[in-house]
Amino acid sequence: MGEFMKKTCIFILLLVTLNLFSQMVEEEWVNFYSGYLARGSEILVTDSYEDFIYTAERDGNSISTMKVNDQGEAVWTGTYGFTGTCYANPSEIKIDQDNNVYVSGFCDNWNLDVTEFIVIKYDQDGNELWASVIDYVDYIPNSNVRLDIDQQQNVYIASRYATGTTNSDYLIVKFDINGQELWNVTHDGIYNDDVPSDILVDASGNVFVVGLSEMSNDDYDILLVKYNSSGILEWEERYNAHCQYNYFYPRMILDESENICLIGMQTTEDQDDYDFAIMKYDQEGEMLWSQSLSGVYQNSWDSPKDLIIDEDGNIFILGNIQNEYSYTDMTILKYSSDGDLIWQEIYSSEYWATNNYAAAITLDIYENIYITGMIEYCFNTIKYTPEGELLWEIVWDEPDGRYDAYVRDILVQSSGDGYILGYNNYTGITLIRYTQPGFTDVGNNIIPQVQATLSNYPNPFNPSTTISFQTTNSYENVQIEIYNLKGQKVREFDVIMSGVEGESNSVTWNGTDKNSQPVSSGIYFYQLKVDGKPIAKNKCLMLK
């Protein structure tokens, strides 16, 4: 790193440290691992007990998956090697309800002029259960393989497909629990190249794939398609974005009602002003609303990067906008479930001649917002309240001042402990663990206007547990809500209180979700709400 940027990172760190409340966030450790993180991959997850985190990286013609404990020590590493000379890359990693680990990726074999797609399944001890290879695709370099899993542990992937001289299409493949291919479909957007960028599966096994679809030379629509669980096309919807290929790939997430919320880029026909495109579709493909966001200046390069939804359906979007000096700032947007902009925060470092690159966003159990990115080549992590107030900021710089470090992902556990993942070409993968002393008191958006106690018994439990609470008064609008570690609501109970002051009230949870399907073992959070406001939270552990 140049001397100017080295001083910039140090100075920003000093400013941040002076403005923090004492001991709000601390760097616990930094570890380096050999390997390289592929661009565009999703590579940091935790298991249902929050005991371990997982990441995947490439190593020559191999894809390696690593399980790491809370001290940063590698518990196991699973390696899948492709045959021949190829360029291997992981694309995505996910964990099912039994803590099995799934990794998707690809290998570009330029000697054979072919691209191979791969899905690998490991058990929680690192034993490879199966690996399924798709080798009927022509050479399409850098084709990320997106991945999702349904409740029956069927596996779905989406990537590009082409043979001979044809343009590329969406390729969607479904595998069963043992890795056997159940069906595959290709979706042709009629015109030229179609490039999928994300895949999601709902509770009924319907498959949603979004990406870019070329209308003419370097003019792409956003294309969203829905297939049912048998691989039959239900509908497709296009959004005229005029964006260029390879600038930003659309991303999406499902809300509690399984509406599809997605982000992308859009521009004018002459492609001189790039803006955020934000939209929501229902299950029938009807657009419920759409919004666009332009930066402060016209003819600027403004692009979304990541999104997440809270328990009320509010959508948080992280991205980049250009400032008056043509440098890049980070921005966070909070939209209501109806598409109304609630607030926007713009982060710009103290030095005007500095780029601030957004990477990833997540929420903690109190719905505080964490974003990570880079100030030039320094890792920068920031915490905001749900109302958009900055709580703290911490910057990490490579100790030897190298200038090719990149931050990629962020994960925050229920304890408030956070992990930042990045890499550089010299030291390989970088994993940083931060802790938040006094986490339950920092940024907690639960205001105890109602005095209440909340607990469950037995805990741990199997197959059911009783959640009990007491309040100082009796209320009419009372709910108990249960969430998994991803912040997804799995069950809700309306409670009719006894009406006797100080008397205990309770509900029994039998370990099933809102569709009466058994949930996985692991940690769950439950909260008491009165008149729509959270009053108390606690957690429980389900064992199998």
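About the thresholds
Residues numbered from 1 in each chain as written. Predicted model: local features only at pLDDT ≥ 70, side-chain atom pairs only at ≥ 80, totals over all residues. Heavy atoms only, no water. Pairing = 2+ DSSP bridges. Helix = DSSP H or I, 4+ residues; strand = E, 2+ residues; numbered from the N terminus. Axes fitted to C-alpha atoms, helices over the stretch in contact; angles between N-to-C directions. Phe/Tyr/Trp six-rings, centres within 6.5 Å; stacked < 30°, edge-to-face > 60°. 1 Å grid on protein atoms, 1.4 Å probe; cavity = no way out; pocket = protein on both sides within 12 Å on 5 of 7 lines; lining within 4 Å. Points joined across faces, edges and corners; volume = space filled by probe spheres on them. Nonpolar A, V, L, I, M, F, W, Y, C, P; charged D, E, K, R; others polar. Core = buried A, V, L, I, M, F, W, Y, C linked by side-chain atoms within 4.5 Å. Buried < 20%, exposed > 50% of the residue type's maximum accessible area, 1.4 Å probe, protein only. Contact = heavy atoms within 4.5 Å. pLDDT = per-residue confidence, 0-100. Polar contact = N/O pair within 3.5 Å; in protein donor to acceptor, adjacent residues only side chain to side chain.

A. Local environment of the sheet that holds strand E14 (residues 194–201). Reading across from one edge, E14-E15-E16-E17 is the order of the four strands in this open sheet, with antiparallel pairing throughout. Only two strands of the sheet have a single partner each, and these edge strands are E14 and strand E17 (233–243). Strand-to-strand, the axes of this sheet are offset by a mean angle of 20 degrees, without reference to chain direction. With seven bridges joining them, E14 and strand E15 (residues 207–216) adopt antiparallel strand pairing.

B. How the structure looks around the packing of aromatic side chains. Summed over all chains, the structure comprises 14 aromatic pairs. Joined through ring pairs, the aromatic side chains of Phe-32, Phe-379 and Trp-396 make up one cluster.

C. Seen up close, empty space enclosed by the protein. Counted under the stated rule, the structure contains two cavities of 30 Å³ or more. In this structure, the largest cavity spans a volume of roughly 70 Å³. In terms of lining residues, the largest cavity is bounded by 13 residues, among which Tyr-370, Trp-392, Val-412, Gly-418 and Tyr-434 are the most central. The set of elements that each furnish at least two residues to the lining of the largest cavity consists of strand E30 (406–412) and strand E31 (418–424). Each residue belonging to the lining of the largest cavity can be placed in one class, and the counts come to nine nonpolar, four polar and no charged.

D. Structural detail: the nonpolar core. In this structure, Phe-82, Val-101 and Leu-431 are the most contacted members of the largest nonpolar core, which totals 29 residues. What Phe-82 contacts, discounting residues up to four positions off in sequence, is Asn-61, Ile-63, Ala-88, Phe-106, Cys-107, Glu-116 and Ile-118. Among the nonpolar cores identified, the runner-up in size contains 22 residues, and Leu-454, Ile-482, Val-530 and Met-542 belong to it.

E. Structural view of the confidence of the model for the protein chain. For the protein chain, the average pLDDT comes to 83, and 85% of its residues sit at 70 or higher. Within the model, the stretch residues 1–23 combines pLDDT values under 50 with 38 contacts to residues more than four positions away or in other chains. Confidence drops under a pLDDT of 50 for residues 441–449, and excluding neighbours within four residues, the segment shows 19 contacts in the predicted structure.

F. Molecular detail of the side chain of Ser-213. Locating Ser-213 in the fold gives a position in strand E15. Among the polar contacts listed, one links the side chain of Ser-213 to the side chain of Arg-238, at a separation of 2.8 Å. Look past the residues within four positions of Ser-213 in its chain and what remains in contact with it is Gly-189, Asp-193, Asp-194, Asp-219, Tyr-220, Asp-221, Leu-223 and Arg-238.

G. Spatial organisation of the environment of Pro-90. Mapped onto the fold, Pro-90 is located in strand E6 (residues 87–95). Sequence separation between Pro-90 and Arg-58 is 32 residues, and the spatial gap between their C-alpha atoms is 6.3 Å.

H. Local environment of the environment of Lys-533. Of note, Lys-533 is situated in strand E39 (residues 533–542). With 55 residues separating them in the primary sequence, Lys-533 and Val-478 have C-alpha atoms 9.3 Å apart.

I. Quick peek at unusual backbone geometry. With an omega dihedral of -5 degrees, the bond running from Tyr-457 to Pro-458 counts as a cis peptide bond. In this structure, Pro-460 follows Asn-459 across a cis peptide bond, with omega equal to 5 degrees. Locating Pro-460 in the fold gives a position in the loop between strand E33 (452–457) and strand E34 (465–471). A positive phi angle, close to 65 degrees, is found at Asn-99, a residue other than glycine. Given the relative accessible area of 2%, Asn-99 is considered buried.

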